Amino acid sequence: MYRKYVNAFLVVSFITLGLFFTGASKVFAEHYADIYPLVGASVGTPYPSSYSVDIARDPNDVPSTPLPDGATVEITADEVLTYLAPKDFAGDWAGDGSDVEFRYFAFGGGQTLVTEPKVPGPFIRVKQGNTVTVNFINNGSETHSIDLHAVIGKKGGGAVLMAAPGETKSFTFVAGNPGIYVYHCVGMGMPHGIAHHENNGMFGLILVEPHSKRSVWKKKLHNAKEFYVFEQDIYRDSKTNDFDEDSMLSGKSPDYVVYNGRVGALVDYPLLATAGTNAIIYHGAAGQSIPSFHIIGEIFDWVWDQGDLTSHPLLNVQTTLVPSSGAIAVGLKGSDLIPTDLGSGDLNILVDHALPGFRKGALGLMIVQ
Ligand SMILES: [Cu+2]
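Given the structure is predicted, the values throughout are model-derived calculations rather than measurements.

(A) Structural context of the overall build of the chain. Looking only at helices and strands, the chain has 8 helices and 21 strands in total. Among the 369 residues that make up the chain, the fraction classed as buried is 50%.

Structure (structure tokens):
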């Protein structure tokens, strides 16, 4: 009975792969709709194409080469009211056909294929020791800013890049310390603003490639495919579609726990791995949760714990933690990647294996071709 799904899957795989390499990966959503029933109802329903903005970042959209020394990267700040989940998602897994919306704060621009505002923000890739300038353009109605955890001093850039609505700010820094780091908005620099803007989606990752040729990460990177995953807690006030800070401060668990911006993002846009080619996943986190990252049917061959890409990685790890407002990298050997076969159940599912995590949306797919 799964035969038709397998055939349909193989056809759409080639179509979507082709589209991805031409930069048109946005169309994944409709093509993968058939997979929903096979991975369980807990991923919700496919993205409704009636929304003009899909906030989800394609996890395959990782720039393969670092910015040259002295380069300028442009980052935008935007505010977007759009689709988050099927209605009553966390309480009613079947949904009733209407949707939950949310007022996202999102970064756009950058080196990625897609430069519209997405959650997480664009993946930034630089080399250790290189100088980078960030031009930050605020298209929103609130003050936004960027604190790059890869930067020492000036509040990671937050003190310099604070831009009022309509303003552009600029900041030049040297990426001195290698690793995979979070960057995020701090609003106007007050605790409420940091919580609000991270809750609403203003974060991303910056990779500072280590100099050292002895780095195991660098060796495994050779011929690897790289992926970009970010888990986010969302506390949502159903009257305003915005941040519910009282709920967060009361110690309640978040209303939604999502990968790459919304429920179902990494089902509509699966990680497209290749059998025989190493896979490296960069995983950030923002919120109350400390994700317990696991891929069903896989063991992480390498874990670069806490974002440290220069030490020797942990080996053979089933589930790994991701610090909040921190990041890690994990790797899978190409020889361990079994081609996806829906009929026999060879389908890799990414989860936050903490039980509320995947029940509240942190569930995605890795397709091995
Ligand atoms: Cu902001």
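(B) Spatial organisation of the sheet that holds strand 8 (residues 203-209). Here 4 strands make up an open sheet; going across it, the order is 3-8-7-5 and the pairing mixed. Of all strands in the sheet, those bounded by a partner on one side alone are strand 3 (124-127) and strand 5 (147-148). Of the strand pairs in this sheet, strand 7 (residues 179-184) and strand 8 are connected by 6 bridges, and their pairing is antiparallel. Bridging from a neighbouring strand, tyrosine 181 pairs with isoleucine 206 of strand 8.

(C) Examining the sheet that holds strand 2 (residues 99-109) more closely. With respect to topology, 4 strands assemble into an open sheet ordered 2-1-4-6, the strand pairing being mixed. The outermost strands of the open sheet, each flanked by one partner alone, are strand 2 and strand 6 (168-174). Taking each pair of neighbouring strands and ignoring which way they run, the sheet shows an average axis angle of 25°. As paired strands, strand 1 (residues 71-86) and strand 4 (residues 131-138) are joined by 7 bridges and run parallel to one another.

(D) Geometry of unusual backbone geometry. Cis peptide bonds are those with omega within 30 degrees of zero, and the linkage from valine 119 to proline 120 qualifies with -5°. Relative to the elements of secondary structure, proline 120 occurs in the loop between strand 2 and strand 3. Located in the positive-phi region is asparagine 260, a residue other than glycine, with phi close to 45°. For asparagine 260, the position within the fold is in the loop between strand 12 (256-259) and helix 7 (265-268). By the C-beta count within 10 Å, which is 25 here, asparagine 260 ends up buried.

(E) Highlighting helix 4 (residues 191-199). Listed in full, the buried residues belonging to helix 4 are Ile194, Ala195, His196, His197, Glu198 and Asn199. Phi for glycine 201, located one or two positions after helix 4, is positive at around 115°.

(F) Up close: the pairing of strand 16 (residues 300-304). Here strand 16 lies mainly inside the structure; 4 of its 5 residues are buried. Judged from the 3 bridges that link them, strand 16 and strand 17 (residues 314-317) form a sheet pairing that is antiparallel. Bridge pairing links valine 303 to leucine 314 in strand 17. With 3 bridges joining them, strand 16 and strand 19 (residues 327-332) adopt antiparallel strand pairing. Counted as the bridge partner of valine 303 is valine 330 from strand 19.

(G) Structural detail: the nonpolar core. The biggest cluster of nonpolar side chains holds 99 residues, and the ones touching the most others in it are Tyr181, Leu205, Ile206, Tyr282, Ala329 and Leu350. When residues no more than four places from it in sequence are discounted, the contact partners of tyrosine 282 are Ile180, Leu205, Leu207, Glu226, Phe227, Tyr228, Ala327 and Ala329.

The rules behind each value
Residues numbered from 1 in each chain as written. Predicted model: local features only at pLDDT ≥ 70, side-chain atom pairs only at ≥ 80, totals over all residues. Helix = DSSP H or I, 4+ residues; strand = E, 2+ residues; numbered from the N terminus. Buried ≥ 20, exposed ≤ 12 C-beta atoms within 10 Å, placed from the backbone. Pairing = 2+ DSSP bridges. Axes fitted to C-alpha atoms, helices over the stretch in contact; angles between N-to-C directions. Core = buried A, V, L, I, M, F, W, Y, C linked by C-beta atoms within 7 Å. Contact = placed C-beta atoms within 7 Å.

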